[in-house]
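Chain and residue survey
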Amino acid sequence: YLCRLEGLPGSGWNRCFAEPRAVYRSKDGQGWLRWADGLEEPVAGDPFHLVAHLLREWPGCVAAGYWGYDLRYHVERLPRRIPDDLGLPDCWVGFY
């Protein structure tokens, strides 16, 4: 899992990350944590709280990935009106 982050133009801030310690993904309220050795375990709870917890547990770690729009259901109660036609995770976060 390679991840590249770029800063604002002219800032000179660019970082590349590879080989995460763990990868967290979430879909429809279910979460999974995949370790570097390939083992995967289910993880319950709010994705925002889990990522914050792991960053506290692993000082110096960087979390990089994406947060999808469907995470809005963890923030507020909204009706689900549109079917999920792509099946992408709600979030994917690597811990580097």
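One structure accompanies this document, and this report is about it.

Each value, and the rule that gives it
Residues numbered from 1 in each chain as written. Predicted model: local features only at pLDDT ≥ 70, side-chain atom pairs only at ≥ 80, totals over all residues. Heavy atoms only, no water. Pairing = 2+ DSSP bridges. Helix = DSSP H or I, 4+ residues; strand = E, 2+ residues; numbered from the N terminus. Phe/Tyr/Trp six-rings, centres within 6.5 Å; stacked < 30°, edge-to-face > 60°. Buried < 20%, exposed > 50% of the residue type's maximum accessible area, 1.4 Å probe, protein only. Arc of directions from axis to C-beta. Polar contact = N/O pair within 3.5 Å; in protein donor to acceptor, adjacent residues only side chain to side chain. Axes fitted to C-alpha atoms, helices over the stretch in contact; angles between N-to-C directions.

With that out of the way, let us pick up the pairing of strand 4 (residues 30–35). With six bridges joining them, strand 3 (residues 22–27) and strand 4 adopt antiparallel strand pairing. From the neighbouring strand, Tyr-24 faces strand 4, where its bridge partner is Leu-33. Hairpin connection of strand 3 to strand 4: two residues between the antiparallel strands, including Asp-28 at a positive phi of 50°. The pairing of strand 4 with strand 5 (residues 40–43) spans four bridges and is antiparallel. Residue pairing in the sheet places Leu-33 in a bridge with Glu-41 of strand 5. The hairpin turn running from strand 4 into strand 5, its antiparallel successor, is four residues long, and Gly-38 in that turn takes a positive phi close to 95°.

This next bit is on the packing of aromatic side chains. Tallying each qualifying case throughout the model produces five aromatic pairs. Ring geometry for Trp-35 and Trp-58: centres 5.8 Å apart, planes at 75°, overall edge-to-face. Taken together, the positions of Trp-35 in strand 4 and Trp-58 in the loop between helix 1 (47–57) and strand 6 (63–67) put the pair 23 residues apart, joining distant regions of the chain. For Trp-35, a relative accessible area of 28% puts it in the partly exposed group. Residue classification places Trp-58 among the buried positions, given a relative accessible area of 13%.

Turning our eyes to something else, we now look at helix 1. Within helix 1 the residues assigned to the buried category are Pro-47, Leu-50, Val-51 and Leu-54. Angularly, the buried residues of helix 1 cover 95° about the axis, an arc narrow enough to put them on a single face. In helix 1, the exposed positions angled more than 90 degrees off the buried face are occupied by His-49 and Arg-56. Regarding helix 1, its N-cap is Asp-46, as a side-chain oxygen of that residue lies 2.7 Å from the backbone nitrogen of Phe-48 further along.

Another point: the sheet that holds strand 4. The strand order across the open sheet formed by five strands is 5-4-3-7-6, and the pairing between neighbours is antiparallel. If you trace the sheet from one side to the other, it starts and ends with strand 5 and strand 6, each paired once. Strand-to-strand twist in this sheet, taken as the mean axis angle between neighbours without regard to direction, amounts to 15°. Relative to strand 7 (residues 91–95), strand 6 is paired through five bridges, and the arrangement is antiparallel. Residue pairing in the sheet places Trp-67 in a bridge with Cys-91 of strand 7.

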